[in-house]
Amino acid sequence: MRSKDYEDVLRGKYPAKQHARKVKEWILEKGGDAKGTVYLEGQKMKLLEDNDEAAPFRQRRFFYYLSGCNLPDTYLTYEMSTEKLTLFIPPIEPDEVIWSGLPMTVEEALEKYDVDDVKTVEGVNAYLTSSSASPLSTIYAIPEQVSDHITFLEFNSKNFELLKPAIEYCRVTKTDYEIALIRKANEISTAGHINVMKAVSKVQNETELEGVFLKSCIERGAKHQAYHSIVAAGENGATLHYVKNDAPTTGKDLLLLDAGCEVDCYCSDITRTFPISGEFTDESRGIYDIVLEMQRKCTNSLKAGVKWDDVHELAHKIAIKGLLSLGILKGDEAELLKKRTSVAFFPHGLGHYLGMDTHDTGGNPNYKDSDPMFRYLRVRGTLPASSVITVEPGIYFCRFIIEPYLKDPEQSKFIDMDVLDKYWSVGGVRIEDNILITEHGYENLTPTPKEPEEIENIVNSGY
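Residues numbered from 1 in each chain as written. Predicted model: local features only at pLDDT ≥ 70, side-chain atom pairs only at ≥ 80, totals over all residues. Heavy atoms only, no water.

### Some thoughts on the overall build of the protein chain
Then step 1. Secondary structure assignment for the protein chain yields 16 helices and 17 strands.
Then step 2. Computed over C-alpha atoms, the radius of gyration of the protein chain comes to 25 Å, within 12% of the 23 Å expected from 2.2 N^0.38 for 463 residues, which places it in the range of a compact globule.
Then step 3. Its C-alpha atoms give the protein chain principal-axis dimensions of about 75 × 50 × 45 Å.
Then step 4. Looking at the 463 residues of the protein chain, the share that counts as buried comes to 54%. (Helix = DSSP H or I, 4+ residues; strand = E, 2+ residues; numbered from the N terminus. Rg over C-alpha atoms; globule rule 2.2 N^0.38 Å. Buried < 20%, exposed > 50% of the residue type's maximum accessible area, 1.4 Å probe, protein only.)

See the structure below:
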């Protein structure tokens, strides 16, 4: 699919019924009740504490996956025997209309969403006790997402264990519609990254650059960000999830921008690192080339069935070889890998699944892993076709992380402190793309420039 073809796909409806069927099949594979009913609730509209202003609304992802509906105060049932999907939306409240205008009608919702029936929310309990909702069978729900006024009295069995893992598992593999949304989010975010590159040498601080990125997304119709942007100049780039975004950029070497918009609840997640002056220093270019090689070789190794743990290890092997070539590390490559010395410079995992959440479901991480090289790896095991994963290697010069290695006799012998001193100002370099896994390879969904010469040209072109 060419990048522009996503618009053709998005002219259809979000495939809620296809998703519901996937969830049903997973539940049945686990021995579930074929006559059961799935029940989900959307997020409630909430007010800010001590205020009559509405808090920012974010739809529950489990609900959205089976509905495609981004309205608050909504409910959903799915009858597994008939595959009937019913959406419940708020009714027209005259007092609310005065302030907020007319809400979506039942007829409009039935036209917009891929569901079989639409009703208003005051009828949820009555529906759950009717023959339509398969009483005397099993209700599947997420326990912490069931309102107090909802009753399941007519159901013989209540299962609060299977629905959440079912949806988490099904979300890993994407439909064409979901992939199209991620493509669109990547294209919009790419415009934002390019505009920040053009502006970086003209501004005075990180906040201005965050504003450039947000403006680029909003004017292209993406009003929501997938996560809080990381706009990190100089040594701030050594903080993996830097969030202050308020420091001066003048006199700093690199700008690390980790930012991505959200389109209809689907995320992009892109990182680029580029020289603020328009030209890499010898030190920053040396690190950038290593990270780019890490990303290229790891991405080129991807296809369905590849073990992500092995790809992560490959990234460390390339990092070790590169840091040896610069003289920052010394010793034998195999021994450095065995001692996990490279974790001092590449402490996080290579990537994570991407979808409705930036760190999407189904990765099965093991944050208690005794091996520091794998402890923060958010995806473990093999990659299935139609999953989307980020490939985001990085090398960082974070004093808090590296200094304990310098004080450890077993580790310090592998690090040349005199050479290392020349690299603190680099801060950190990370390059991140969103990759679609296919049966025989991969497709890069991220068109954002990353070749060093191209980046320098963009920075120097002006804004």
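### Remarks on the sheet that holds strand β10 (residues 261–263)
Within a beta sheet, neighbouring strands are joined by backbone hydrogen bonds and run either parallel or antiparallel to one another.
Then step 1. Here we have three strands laid out as an open sheet, ordered β7-β10-β11, and antiparallel in their pairing. Looking at strand neighbours, the two that pair on one side only are β7 (224–225) and β11 (266–267), the edges of this open sheet.
Then step 2. Pairing between β10 and β11: two bridges, direction antiparallel. Looking at β11, one finds that E262 is bridged to C267.
Then step 3. Of the strands in this sheet, β10 and β11 touch helix α8 (residues 176–199), which is tilted by about 145° from β10. (Pairing = 2+ DSSP bridges. Contact = heavy atoms within 4.5 Å. Axes fitted to C-alpha atoms, helices over the stretch in contact; angles between N-to-C directions.)

### Some remarks on the packing of aromatic side chains
Then step 1. Tallying each qualifying case throughout the model produces ten aromatic pairs.
Then step 2. An angle of 50° between the planes, with centres 5.0 Å apart, marks the rings of F280 and Y288 as tilted. In this pair, the class of F280 matches that of Y288, namely buried.
Then step 3. Where F397 meets Y423, the ring centres are 5.7 Å apart and the plane angle is 25°; that geometry is what we call stacked. A residue pair is termed long-range when its members are at least 10 positions apart, and F397 in the loop between β14 (394–396) and α13 (399–407) and Y423 in the loop between α15 (417–420) and β15 (428–430) qualify at 26 residues.
Then step 4. By relative accessible area, which is 6% here, Y423 ends up buried.
Then step 5. Taken together, Y14, Y64, Y177 and Y266 form an aromatic cluster joined through their ring pairs.
Then step 6. Taking NZ or CZ as reference, R171 lies 5.7 Å from the ring centre of F62, over its face. (Phe/Tyr/Trp six-rings, centres within 6.5 Å; stacked < 30°, edge-to-face > 60°. Lys NZ or Arg CZ within 6 Å of the ring centre and 35° of its normal.)

### Observations concerning the pairing of strand β16 (residues 433–437)
Then step 1. Among the five residues in β16, five count as buried, and that is most of the element.
Then step 2. Burial of the side chains of β16 extends over both faces: D433, I435 and I437 are buried on one face and N434 and L436 on the other.
Then step 3. Taken together, the four bridges between strand β13 (residues 388–391) and β16 define a ladder with antiparallel strand orientation. Of the residues in β16, the one forming a bridge with V391 is D433.

### A few points about the sheet that holds strand β8 (residues 230–233)
Then step 1. Reading across the sheet, the three strands line up as β8-β9-β12 and stay open at both edges, with antiparallel pairing between neighbours. With one partner strand each, in any of the chains shown, β8 and β12 (270–275) form the two edges of the open sheet. Direction aside, neighbouring strands of the sheet carry axes that sit 10° apart on average.
Then step 2. The sheet strands contacting helix α9 (residues 206–218) are β8 and β9 (254–259), and the helix crosses β8 at an angle near 145°.

### Quick notes on the packing of helix α2 (residues 16–29) against helix α7 (residues 163–172)
Any two packed helices are characterised by how steeply their axes cross, that is the angle between the axes, and by the distance between the axes.
Then step 1. Where α2 meets α7, the closest approach of the two axes is 9 Å, and the angle between their N-to-C directions is 120°. One finds that α2 runs oblique with respect to α7. Considering only the axes of α2 and α7, their crossing is right-handed. When α2 is examined against α7, the residues K22, V23, W26 and I27 are found in contact with a partner set consisting of L163, P165, A166, I167, Y169 and C170.
Then step 2. Here the residues of the contact of α2 with α7 sort into nine nonpolar, no polar and one charged. (Parallel < 35°, antiparallel > 145°, perpendicular 65-115°, else oblique. Left-handed = near helix turned anticlockwise from the far one by under 90°. Nonpolar A, V, L, I, M, F, W, Y, C, P; charged D, E, K, R; others polar.)

### Description of the environment of K174
Then step 1. Position of K174 relative to the elements: it lies in the loop between α7 and α8.
Then step 2. Remark: the alpha-carbon pair of K174 and G394, spanning 220 residues in sequence, is separated by 27 Å.
Then step 3. With residues up to four places along the chain from it excluded, the contact list for K174 reads I179, I182, L354, G355, D360, S386 and V388.
Then step 4. Among the polar contacts made by the side chain of K174, one reaches the main-chain carbonyl oxygen of V172 at a distance of 3.2 Å. (Polar contact = N/O pair within 3.5 Å; in protein donor to acceptor, adjacent residues only side chain to side chain.)

### Observations concerning α2
Then step 1. In this model, α2 (14 residues) spans 20 Å end to end at C-alpha, consistent with the 20 Å of a helix rising 1.5 Å per residue.
Then step 2. Every buried residue belonging to α2 is among A16, H19, A20, V23, K24, W26 and I27, and all of these are buried. Down the axis, α2 shows its buried residues gathered within 165° of arc, on one side only.
Then step 3. Following α2 by one or two positions, G31 adopts a phi angle in the positive range, close to 90°. (Expected span 1.5 Å × (residues − 1). Arc of directions from axis to C-beta.)

### Some thoughts on the side chain of K450
Then step 1. Note on placement: K450 falls in the loop between β17 (442–444) and α16 (452–461).
Then step 2. Reaching out from K450, the side chain makes a polar contact with the side chain of D433 at a distance of 2.5 Å.
Then step 3. Filtering out sequence-adjacent residues up to four positions away, K450 remains in contact with R272, Y288, L292, Q295, I431, D433, N444 and I455.

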